[in-house]
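Take a look at the letters that make up each chain.
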Amino acid sequence: MQLPSSGSNVFKKCICITRLYLKKLLLQLASRRHSTDSSFANVFLAVHFGSCSPCDACWEPWSEPASGNGRGRTYHAAGFRTRRGTVGLGEGSVEVGSASVSPEERRRRWRRERAGLGAARVVEEEPGVDSLTMAQVEKRGGLLRKSSASKKPLKEKVVLMYDEIFMTEDPSKCSPRFWEELFLMKVNLEYLEGKLESLDGEELMKIKDNINCLFQHCIQALGEEHPIRVVNALQTLCALIRGVHQKNKSTSGFDIINMLMGFDKAELCMKNLMESLDSLLCAEGSESLKSLCLKLLLCLVTVTDNISQNTILEYVMINSIFEAILQILSHPPSRREHGYDAVVLLALLVNYRKYESVNPYIVKLSIVDDEATLNGMGLVIAQALSEYNRQYKDKEEEHQSGFFSALTNMVGSMFIADAHEKISVQTNEAILLALYEAVHLNRNFITVLAQSHPEMGLVTTPVSPAPTTPATPLGTTPPSSDVISSVELPLDADVQTSNLLITFLKYSSIVMQDTKDEHRLHSGKLCLIILTCIAEDQYANAFLHDDNMNFRVNLHRMPMRHRKKAADKNLPCRPLVCAVLDLMVEFIVTHMMKEFPMDLYVRCIQVVHKLLCYQKKCRVRLHYTWRELWSVLRLSTNAGQWKEAASKVTHALVNIRAIINHFNPKIESYAAVNHISQLSEEQVLEVVRANYDTLTLKLQDGLDQYERYSEQHKEAAFFKELVRSISTNVRRNLAFHTLSQEVLLKEFSTIS
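Everything numeric here is computed off the predicted structure, so don't read it as measured data.

Analysis parameters
Residues numbered from 1 in each chain as written. Predicted model: local features only at pLDDT ≥ 70, side-chain atom pairs only at ≥ 80, totals over all residues. Heavy atoms only, no water. Helix = DSSP H or I, 4+ residues; strand = E, 2+ residues; numbered from the N terminus. Buried < 20%, exposed > 50% of the residue type's maximum accessible area, 1.4 Å probe, protein only. Contact = heavy atoms within 4.5 Å. Areas by Shrake-Rupley, 256 points an atom, 1.4 Å probe, with all protein chains shown as cover. Lys, Arg positive; Asp, Glu negative; His and termini not counted. Salt bridge = Lys/Arg side-chain N within 4 Å of Asp/Glu carboxyl O. Axes fitted to C-alpha atoms, helices over the stretch in contact; angles between N-to-C directions. Left-handed = near helix turned anticlockwise from the far one by under 90°. Nonpolar A, V, L, I, M, F, W, Y, C, P; charged D, E, K, R; others polar. Core = buried A, V, L, I, M, F, W, Y, C linked by side-chain atoms within 4.5 Å. Domains from an automatic or database assignment. Disulfide = S-S within 2.5 Å. Phe/Tyr/Trp six-rings, centres within 6.5 Å; stacked < 30°, edge-to-face > 60°. Lys NZ or Arg CZ within 6 Å of the ring centre and 35° of its normal. Polar contact = N/O pair within 3.5 Å; in protein donor to acceptor, adjacent residues only side chain to side chain. pLDDT = per-residue confidence, 0-100. Parallel < 35°, antiparallel > 145°, perpendicular 65-115°, else oblique.

A few words now on the overall build of the chain. The secondary structure content of the chain amounts to 36 helices and 8 strands. When burial is assessed residue by residue, the chain has 50% of its 752 residues classed as buried. Within the chain, contacts between residues separated by at least 24 positions form 73% of all contacts whose residues are at least 6 apart in sequence. Summed over all atoms, the accessible surface of the chain reaches about 37300 Å², with 53% contributed by carbon and sulfur.

And the structure:
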């Protein structure tokens, strides 16, 4: 007998019918509520039937004989359809409706049902209502179908279980397996958080015991062998923490602890929670579980704007996860997937009550000396900064290649400054804060700044899957592992490479161009603070001034009407200190504005001063063109808002003015006597040597001394505000539903 071909309709129907007969057997297992086989059926069906495309054979492949009441039933791939409606698997939901539905309508319904692990998620749409907006509203309300004149509203089973928790009675009294079944259900984050926020204070206190019980059972579920339970427990914890905190913003942290877990059990609960998270992060298990663990920790840290007021973090200080974070950073596969979240988490934990008490994360970070860990942290930071640089460069090229660029070429560059302001990429203060803490606290990290990484230089790395992180604004998304290899390609492949310091200088040259925006102002100030710490470090100065370490550093320069953009190919190879000085001079030149940024201006001068102090102390002769820097300083006047500061600058330049006033007449006289219109360098040097003895300079003491940087006394207010802004931004961009249930089920489909 000739078998039908694989492309024929007969073959397709045979395959569909075979699948459906198998599913019928599994449905019988799933219908036995007292048996744990139902969880197996849910997992198996979602994995093996989730990708099945519907055909006519899938919808009504067989019909059971009608019973005495005239009702039979037919089966289809999303569940089984009775004469009165559809019964799904994943959440035990039932839809009551008409059986006379066209095949096109059935296909449409199947596509919508597919998102719910086999559960019937059919919602009747009203004409003129946007389906996406409507689905979001109903998802938040836990509805699978809205109520109508002839039908009752249909809710997910997990939502019905949530409603039982929000009753005053213990939900496990009537259903002993309540908590076990709850963590087999797909979490509805929107409904759970919304339900918590909708309750007033008295109502919340009435169900406090149930919330405590839910929190404790979530922690217990983290120790389960079945990863689906662990995933659902992690997401439920996130929803609980965020929901309770949002409801209790005005109350103290102690009240929130009492609401979540109770005072008498808080210490034990948090100890078990932190130990479970530490075990999951250190285990060689699922990357999805590690991602959710980090997101839960970020949720726990950033649930309040001011993290120092988050009392729950006291337990995170006592039960440290510092070693787990270091392990992620030192292990390349984990670092590629979770390095960004780990670095941001560490930066935030370091800033918890750092001025008020001893923070164990500060102490531990300051003594880390493992090379693999420090290099891993540096690589994560470099990748994030490089991604920002790449996004800015792409936008700049896109802007210059369009119609506006052609127009400005015709009429000149009179609008170029206004056009440049439109090139904006959101800054990433979180990763900058991590870099600052590493440079400021750990002297061993200084060596990472100058170390070239294979991913950053000539060696390219294979493309790896992007981390499972929510879509965020440009510049805040953790980059994929191949970013730096594609961005930091050298101008000359034979001699040029890159490192973290070069990437940071390029980043600084972008964010320091426009300081009118608050976030850019904070980023620019933090960049200058980081450079201040680097300029004070003896080892950092050693490699900054090393003539054997020459690089081409292509800093971004603000377009200005009176100068042209320098060609990238003409950049010379110089010690890195020249790039630092170029950056400082560039900021000073381009920010001579009416609203003078005095704070940033002073910080630039301090960086230059500290570099000069090192050169004097170590007798370093730097081949650098100082003319532009001295010219800028000479432009200081005694008028305007900063009259007193300008007077101090003018007074400090008394010797430079004396040199200029002494030698200019001598040079002009020499040129007039010898009838020379333009003197050569040798002729000018001859005039200087001949008249040097008559030069009178003022002796100034202590010019090579400076006040060292101190965060606590001068910068505490700035960092408190910065961390508050970062906490708000991280919380806003956190998403716990980015891992679809289908992806999780495929990852956990192996049953031991």
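Following the sequence through the fold, Lys208 ends up in helix 10 (residues 208-221). The buried charged residue Lys208 lacks any salt bridge, with Asp209 as its nearest oppositely charged partner at 4.2 Å.

Here the focus is the environment of Leu531. Looking at where Leu531 falls in the secondary structure, it is placed in helix 26 (residues 518-536). Leu531 sits in the buried class, given a relative accessible area of 2%. Sequence separation between Leu531 and Val607 is 76 residues, and the spatial gap between their C-alpha atoms is 6.9 Å. Excluding residues that lie within four positions of it along the chain, Leu531 makes contacts with Phe504, Leu505, Leu583, Met584 and Val607.

Once that is clear, we can look at the packing of helix 17 (residues 332-350) against helix 22 (residues 429-441). To describe two helices that pack against each other, one gives the angle between their axes and the distance between the axes. The geometry of helix 17 relative to helix 22 is characterised by a closest axis approach of 9 Å and an angle of 65° between their N-to-C directions. Note that helix 17 runs across helix 22; the crossing there is left-handed. On the side of helix 17, the interface is formed by Tyr340, Val343, Val344, Ala347 and Val350, while helix 22 contributes Ala430, Ile431, Leu433, Ala434, Glu437 and Leu441. Of the residues contributing to the contact of helix 17 with helix 22, the split by class is 10 nonpolar, no polar and 1 charged.

Quick look at the pattern of salt bridges now. The tally for this structure, following the rule as stated, stands at 22 salt bridges. Here Lys354 ties to Glu711 by a salt bridge, and the two come within 2.9 Å at their closest N and O atoms. Taken together, the positions of Lys354 in the loop between helix 17 and helix 18 (360-366) and Glu711 in helix 34 (residues 711-714) put the pair 357 residues apart, joining distant regions of the chain. Since its relative accessible area comes to 6%, Glu711 is described here as buried.

We now examine the nonpolar core. Grouped together as the largest cluster of nonpolar side chains are 171 residues, with contacts concentrated most on Ile381, Leu435, Phe445 and Leu449. Examining the composition of this core, we find that 12 residues originate from one element, helix 28 (residues 576-590), more than from any other. Of the domains in this structure, domain 1 (155-303 + 720-749) and domain 2 (442-453 + 494-558 + 568-710) are the two that each give at least three residues to this core. If we ignore the near neighbours within four places in the chain, the residues touching Leu435 are Ile381, Leu385, Phe445, Leu449, Leu500, Phe504 and Ile530.

It is worth spelling out the state of the cysteines at this point. As enumerated under the stated definition, the model contains 0 disulfides in all. Considering cysteine sulfurs only, Cys218 is the nearest to Cys213, which forms no disulfide, with 9.8 Å between them.

Right, let's talk about the packing of aromatic side chains for a bit. This model, assessed by the stated rule, comprises 9 aromatic pairs. Between Tyr624 and Trp626, the aromatic rings sit 5.1 Å apart at their centres with planes inclined by 75°, giving edge-to-face as the arrangement. Exposure class is identical for Tyr624 and Trp626. Each is buried. Taken together, the ring pairs in this structure connect Tyr436, Tyr709, Phe718 and Phe719 into an aromatic cluster. Above the ring of Phe166, the side-chain terminus of Lys195 is found at 5.9 Å from the ring centroid. The ring of Phe719 has Lys354 lying over it, and the distance from NZ or CZ to the ring centre is 5.7 Å.

Unlike most non-glycine residues, Arg619 shows phi in positive territory, near 55°. Mapping Arg619 onto the fold places it in the loop between helix 29 (598-617) and helix 30 (627-634). Its relative accessible area of 78% is what places Arg619 among the exposed residues.

The subject of this paragraph is the environment of Asn359. Structurally, Asn359 is set in the loop between helix 17 and helix 18. Taking the C-alpha atoms as reference, Asn359 lies 9.8 Å from Glu314; in sequence the two are 45 residues apart. Aside from chain neighbours lying at most four places away, what touches Asn359 is Met317, Leu349, Val350, Asn351 and Tyr352. A polar atom in the side chain of Asn359 sits 2.9 Å from the backbone oxygen of Tyr352.

Attention now moves to the confidence of the model for the chain. Per-chain confidence: the chain averages 75 in pLDDT, with 65% of residues scoring 70 or above. The low-confidence segment residues 114-135, where pLDDT is below 50, has 56 contacts with residues more than four positions distant or belonging to other chains. Throughout residues 454-495 the model reports pLDDT below 50, and contacts reaching past four residues in sequence, or to other chains, amount to 94 contacts.

To continue, consider the packing of helix 10 against helix 13 (residues 263-282). At a minimum axis distance of 9 Å, the contact between helix 10 and helix 13 shows a crossing angle of 30°. The orientation of helix 10 relative to helix 13 falls into the category roughly parallel. Of the two elements, helix 10 crosses helix 13, and the hand of that crossing is left-handed. Touching Phe215, Gln216 and Ile219 of helix 10 are Lys265, Cys269, Asn272, Leu273 and Ser276, all from helix 13. Tallied by class, the residues present in the contact of helix 10 with helix 13 amount to 4 nonpolar, 3 polar and 1 charged.

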